[in-house]
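Structural overview for review
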Amino acid sequence: MRIDGLYEEIGATDCETMANRYRSWVEKRLALTEGESPVAIEGEWIPAPDALRIRATFRLVEEAGLSDLVAVLLLFENDVSQYVGPGSPEVWQNVTRAIHEEAITLSGEGDEVALETILPVDGDWVLDNVQAVAFLQQTSGEKPIVQGAALPANPDFAFDPPKVRSVPGGEGVALFRAQLSNLRPEEDLLTLSVDSPFGDWPAEIVVEGLADPHAEPVSIPIGPGESRAVTVRVTTDETREIRSGTFAVRSSLSDRTQTVPMRVFNGSRSILLVDDDAGQTDEEAFVTIFEETDRLYEHWDVRLGMEDVAPTFREMFGFDLVVWATGWSDWPLISWDDQRAMDQYLASGGGLFLASQEYLDRLWWTPNFFTEEVLDLEGWEIDLGYEELVGIAGDPIGHGLSLPLELPDPGYAEGDGLGAGPAAIPFLRFPGGETAAIRRALPDGGRVVFLATCFNGIRADDPDPNNRRVVLDRVLAWLLEGQPSGLAVGQPQADPLVGTAFPNPSSGETRVGFDVPARAAGRPVRAVVFDATGRRVRALRDTPAEAGSHTILWDGRDGAGRDMAPGVYLLRVEIAGGVETRKLLRLD
């Protein structure tokens, strides 16, 4: 390790010892320079879900004879969780995420160079933990660092709608809803547009407070800290296919444009197939059924197509169903981040089918938040060696099933026995009585099915109902109960009228957008916050509302004005006789 090009430290011990050694060299260097630098650095960075804009100005405040200068803009992240084995994940600090370097010249006092770059965001980053720095370094001689500075985050606006919507019956309307929030301390003019249309399907923008839908770009002034509910409305025809479009928001203050790719699944539910089988062919069992039953799906191949990157919550958000298939792969499966993403997806109301006979093996016998809080497992036995599954009578998935497994080798008979908790309902057992699969309806509306043996071991050609097509049909049908999406002509309300909460988690205010259809205009809208035990915390609204988009705001207080403790809360919204619930996470 070389410090400022002058001092060398060789070898390493524990973190505390090395930090003290490095600190002594840093203090010596500061003493030599009297803590002053001939260069001043100022700048900012603008966090956003798709790309980050970093700006920095390097100014020479006094002559110093500097040459061979390189300016560096660097992003790093703290509290990076990496699950490397049983137990809790390792947490890393100061993980470099992106670097931009550029040679500059500062020759005379007052010289100034401004740099700006846009860096794409990786889906694994947690933006709340990302920080930016800028520094100036000489690239010749001892290569000292001339000056460095932390760059403050200066967010401009936030807009994070779902990227996927479905119109299962076709010839309907797909609704992409989200809150558009101005995070600047001054008013901003935000321009909204559908830059890339969905073929010949009309696309319109509906903005809270504006009377008409807008097919053309629309600019709206939003005050500091204010939000507007925004809906992109796409009207489909009878064509059964997936179509894509691009929505854009541009800030007049920061000059940043955020583009949001959107996809409409028309004539089918939207399914994301996560192929996480280390390059094997386990996913073919699902692909064959999807195509035979004319279901529209997207295929996310973690190992071969996505360079070992699994989908984050943002990639899953909006899909009606996620099928996560690992089969009998020996690859390390389902990382800590993957489990967190699945948990967020379920909290948004999604339906998840997790098919893996190796997931629990990789945990050994160590429970974690996903096994306990999501799957509700009280324990498990690994590699029981059974080659048959038997359905539980009366269950909507398991009733009447007798499923001999067709394994390529007896060594693949490694299904696990599950110790189901009170909220986890078994629906398949091994002949010895151990539970092989469970289903669970979560309190916030999501549903999960976990099969602890390989799905592709279920035979494909046995008579109904004892084949993999019937099993998958039943699993998906159960996951979809109470989880409608899209709005088809001639059908009752199908797309949720209540949007997602923003920001969520939050230590301050949380906003949730909602839509009132024309048929419910003038009828009361009721919104109540409850705590995790079901105790009523505060009524936020009980008044009639006109047709259109509106916003509910909760400041984190109860009805008496007291700040509520950190934890999970539920917002219950009743519109037109229907009830929808959103989970709100309050931070300290």
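Now for a description of the structure that goes with this document. (Residues numbered from 1 in each chain as written. Predicted model: local features only at pLDDT ≥ 70, side-chain atom pairs only at ≥ 80, totals over all residues. Heavy atoms only, no water.)

Read across the sheet, three strands follow the order β33-β34-β37 without closing on themselves; strand pairing throughout is antiparallel. What marks the edges here is a single partner per strand, and that holds for β33 (498–502) and β37 (548–554). Looking at each pair of strands side by side, their axes are set apart by 20° on average, direction ignored. Strand direction decides the pairing type here: β33 and strand β34 (residues 510–516), joined by three bridges, are antiparallel. Bridge pairing links Phe502 to Arg511 in β34. (Pairing = 2+ DSSP bridges. Helix = DSSP H or I, 4+ residues; strand = E, 2+ residues; numbered from the N terminus. Axes fitted to C-alpha atoms, helices over the stretch in contact; angles between N-to-C directions.)

Pairing is antiparallel across the open sheet formed by three strands, whose spatial order is β3-β4-β9. Where the open sheet ends on each side, the last strands, each with one partner, are β3 (39–46) and β9 (112–120). Averaged over neighbouring strand pairs, the angle between their axes works out to 15° when direction is ignored.

Let's shift gears to unusual backbone geometry. The step from Asp464 to Pro465 runs through a cis peptide bond, and the omega angle for that step is 5°. The phi dihedral of Asp294 falls on the positive side, at around 60°, and the residue is not glycine. Among the secondary structure elements, Asp294 is positioned in the loop between α2 (284–292) and β22 (297–301). Classification of Asp294 as partly exposed rests on a relative accessible area of 42%. The phi dihedral of Asp383 falls on the positive side, at around 55°, and the residue is not glycine. On the secondary structure map, Asp383 appears in the loop between β25 (377–381) and β26 (388–391). (Buried < 20%, exposed > 50% of the residue type's maximum accessible area, 1.4 Å probe, protein only.)

Take the pairing of strand β17 (residues 218–222) next. Here β17 shows a buried face lined by Val218, Ile220 and Ile222 and an unburied face lined by Ser219 and Pro221. Across five bridges, strand β15 (residues 188–196) lies against β17 in antiparallel orientation. Looking at the pairing, Leu192 lines up with Val218 of β17.

A cluster of acidic residues, Glu36, Glu62, Glu63 and Glu109, forms a negative patch on the protein surface. Position of Glu62 among the secondary structure elements: in the loop between β4 (51–60) and β5 (69–77). (Patch = residues over 30% accessible without salt bridge, like charges linked within 9 Å, V, L, I, M, F, W, Y side chains within 5 Å. Areas by Shrake-Rupley, 256 points an atom, 1.4 Å probe, with all protein chains shown as cover. Salt bridge = Lys/Arg side-chain N within 4 Å of Asp/Glu carboxyl O. Lys, Arg positive; Asp, Glu negative; His and termini not counted. Charge placed at Lys NZ, Arg CZ, Asp CG, Glu CD.)

Right, let's get into the nonpolar core. Core analysis: the biggest nonpolar cluster contains 39 residues, and Val322, Trp324, Leu352, Tyr359, Phe370 and Phe450 have the highest contact counts within it. Residue contributions to this core peak at five residues, all from helix α4 (residues 336–347). Counting residues in hydrophobic clusters, the runner-up holds 37 residues, among them Phe286, Leu321, Ile458 and Leu480. (Core = buried A, V, L, I, M, F, W, Y, C linked by side-chain atoms within 4.5 Å.)

By themselves, these are just geometric observations and shouldn't be taken as functional.
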